[in-house]
Amino acid sequence: MAAPTSFTAREVEIQELENNYLIPTYARYPLVIDHGRGCWVYDLEGRRYLDFLSGLGVNALGHAHPRIVKVIREQAARAIHVSNLYYHPYQGRLAHKLSRLADMDRAFLCNSGTEAIEGALKIARLYSQEAKDKFHVVALENSFHGRTLGALSATGQAKYRTPFEPLVPGAAFARFNDIEDLRAKVNEQTSAILLEAIQGEGGIFELDADYLRAAEELARRCNAVLIFDEIQCGLGRTGEYFAFQRSGVKPDIVVTSKPLAAGLPLGAIIAREPVASALTAGMHGTTFGGGPLACRVALEFLDILEQEHLLEHVQRVGAHMRACLEDLKDHFHFIKTIRGRGLMLALDLEFPSRPLMLEALHAGLLINSTHDTVLRFLPPFIIREEEVDRGIRILRKLFASYKPAPQV
Ligand SMILES: Cc1ncc(COP(=O)(O)O)c(C=O)c1O
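Computed from a prediction, not measured in an experiment: that's the story for all the values here.

## Re unusual backbone geometry
Turning to step 1, where the next piece is worked out: Note the cis peptide between E165 and P166, where omega equals 5 degrees.
Turning to step 2, where the next piece is worked out: Counting through the fold element by element, P166 comes out in the loop between α7 (158-161) and β6 (171-174).
Turning to step 3, where the next piece is worked out: The phi dihedral of A262 falls on the positive side, at around 55 degrees, and the residue is not glycine.
Turning to step 4, where the next piece is worked out: In this structure A262 comes out as buried when scored by C-beta crowding, with 25 C-beta atoms within 10 Å.

Here it is as structure tokens:
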């Protein structure tokens, strides 16, 4: 069922309230979501939309997964929050599980991706602080690590950085997949090398395994902390627990967040010793991070991932989806490239992708437009091949009739 071309009075009221009273940080798409079930979301009038975006990579189990609903109900009736001054049964278990999955030693739980990046950069600072001037961070051009000042300082995109300058000093940006450029930028003053194994917001660009290995070798040589930002590509999105794992590289810190608590806010810094223990009591903290509700849900999410064999499922359905996108590319010459792996995929077009994204929404399919010409797909891990086919049929129809606005 297609989305409305005009809105009901209630939808207008909701939109006006936001327009009048919210600080306008987002240019919202024209849709008021009421609820969701599985890979579908529903607007206020009951029209449904196939979700190829998962709330930007968060709803890996789709909406209203019965096991998640059950543990939220149970735990909400017991304790939603307890202060980090006390123990509770789930934080240690989650830290243990994440450490095991990443082959590391310890974890810190917080509330978001950017908060986890901040903490990781602070750990690197502390770990490096004995050496003079060793506070520099080498990240990549086109990267995205979050919106707080520290994370923004390490984000390699002028459009996000420039309005907030001066930022935290000491960041340098190396060219993507260019080992020589990385070698030129990393030195004894580098405290951290920060990489996304697959750049997400930047348009789905994957680092070569050789590049990740070169980064590891450089980090060891210069005693820098190697941090992988797996906030978008991690925890199953590529069909592996972490996208870097296929390279065999051992980072010092892995940062993760989006799908971790199935929609509740939760981020994690997972670190190896001795880097992990650079942070000691009183050096860092968070009021909400690692509360019993979010941690218990995250444990349930990780159990579901394992028990329902979702990594294998992501690999299988991801391969199917990629094949469907290849087929689209064969038919539509304006598709320049297909990128990504697992259920983290993108089409790069010859023209701006936002109008097409809006047309897809009107046709009942939620996708995302990033980096001007890229259509990004981050469907829930539970998506079935039939649902992929359905979304692809919508895209095929749109592509067949789409006339891009003339470029001026
Ligand atoms: C790779 C990456 N790092 C960091 C962030 C920031 O995470 P958050 O929005 O939870 O602060 C994002 C968010 O999209 C991301 O994709």
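## A look at the packing of helix α11 (residues 310-331) against helix α13 (residues 385-401)
Turning to step 1, where the next piece is worked out: Where α11 meets α13, the closest approach of the two axes is 10 Å, and the angle between their N-to-C directions is 15 degrees. When the axis of α11 is compared with that of α13, the two are roughly parallel. Crossing geometry of α11 relative to α13 is assigned as right-handed. Between α11 and α13, the residues in contact are V317, H320, M321, C324 and L328 and E385, V388, D389, I392, L395, R396 and F399, respectively.
Turning to step 2, where the next piece is worked out: A breakdown of the residues in the contact of α11 with α13 according to their chemical character gives eight nonpolar, one polar and three charged.

## Considerations on the site of the ligand
Turning to step 1, where the next piece is worked out: Taken together, the neighbourhood of the ligand is formed by 14 residues, with S112, G113, T114, G146 and Q232 sitting nearest.
Turning to step 2, where the next piece is worked out: If you tally residues by element for the shell around the ligand, the top one is helix α5 (residues 113-128), at three residues.
Turning to step 3, where the next piece is worked out: Among the residues making up the shell around the ligand, the classes are represented as three nonpolar, eight polar and three charged.

## Describing helix α10 (residues 292-307)
Turning to step 1, where the next piece is worked out: Compared with the 22 Å implied by 1.5 Å per residue over 16 residues, the 22 Å span of α10 between its first and last C-alpha is a close match.
Turning to step 2, where the next piece is worked out: Taken as a whole, α10 has its buried residues at L293, A294, C295, R296, V297, A298, L299, E300, F301, L302 and L305.
Turning to step 3, where the next piece is worked out: After α10 finishes, the residue H309 shows a positive phi value of roughly 50 degrees.

## Some points on the environment of L398
Turning to step 1, where the next piece is worked out: Relative to the assigned elements, L398 resides in helix α13.
Turning to step 2, where the next piece is worked out: Under the C-beta neighbour-count criterion, L398 is labelled partly exposed, with 16 such atoms within 10 Å.
Turning to step 3, where the next piece is worked out: The spacing of L398 and N59 is 339 residues in sequence and 26 Å in space, taken between C-alpha atoms.
Turning to step 4, where the next piece is worked out: Look past the residues within four positions of L398 in its chain and what remains in contact with it is L356, E359, A360 and A363.

## Focus on the domain arrangement of the chain
Turning to step 1, where the next piece is worked out: In terms of domain boundaries, the chain breaks down into domain 1 (9-64 + 309-401) and domain 2 (68-307).
Turning to step 2, where the next piece is worked out: With centres defined by C-alpha atoms, the gap from domain 1 to domain 2 works out at 26 Å.
Turning to step 3, where the next piece is worked out: Elements represented by at least two residues in the side of domain 1 that touches domain 2 include exactly α11, β13 (335-341), β14 (344-349) and β17 (374-377).
Turning to step 4, where the next piece is worked out: At five residues, α11 tops the list of elements feeding residues into the side of domain 1 that touches domain 2.
Turning to step 5, where the next piece is worked out: Per-class residue counts for the side of domain 1 that touches domain 2 are 13 nonpolar, eight polar and four charged.

Conventions we followed
Residues numbered from 1 in each chain as written. Predicted model: local features only at pLDDT ≥ 70, side-chain atom pairs only at ≥ 80, totals over all residues. Helix = DSSP H or I, 4+ residues; strand = E, 2+ residues; numbered from the N terminus. Buried ≥ 20, exposed ≤ 12 C-beta atoms within 10 Å, placed from the backbone. Axes fitted to C-alpha atoms, helices over the stretch in contact; angles between N-to-C directions. Parallel < 35°, antiparallel > 145°, perpendicular 65-115°, else oblique. Left-handed = near helix turned anticlockwise from the far one by under 90°. Contact = placed C-beta atoms within 7 Å. Nonpolar A, V, L, I, M, F, W, Y, C, P; charged D, E, K, R; others polar. Near = placed C-beta within 6 Å. Expected span 1.5 Å × (residues − 1). Domains from an automatic or database assignment.

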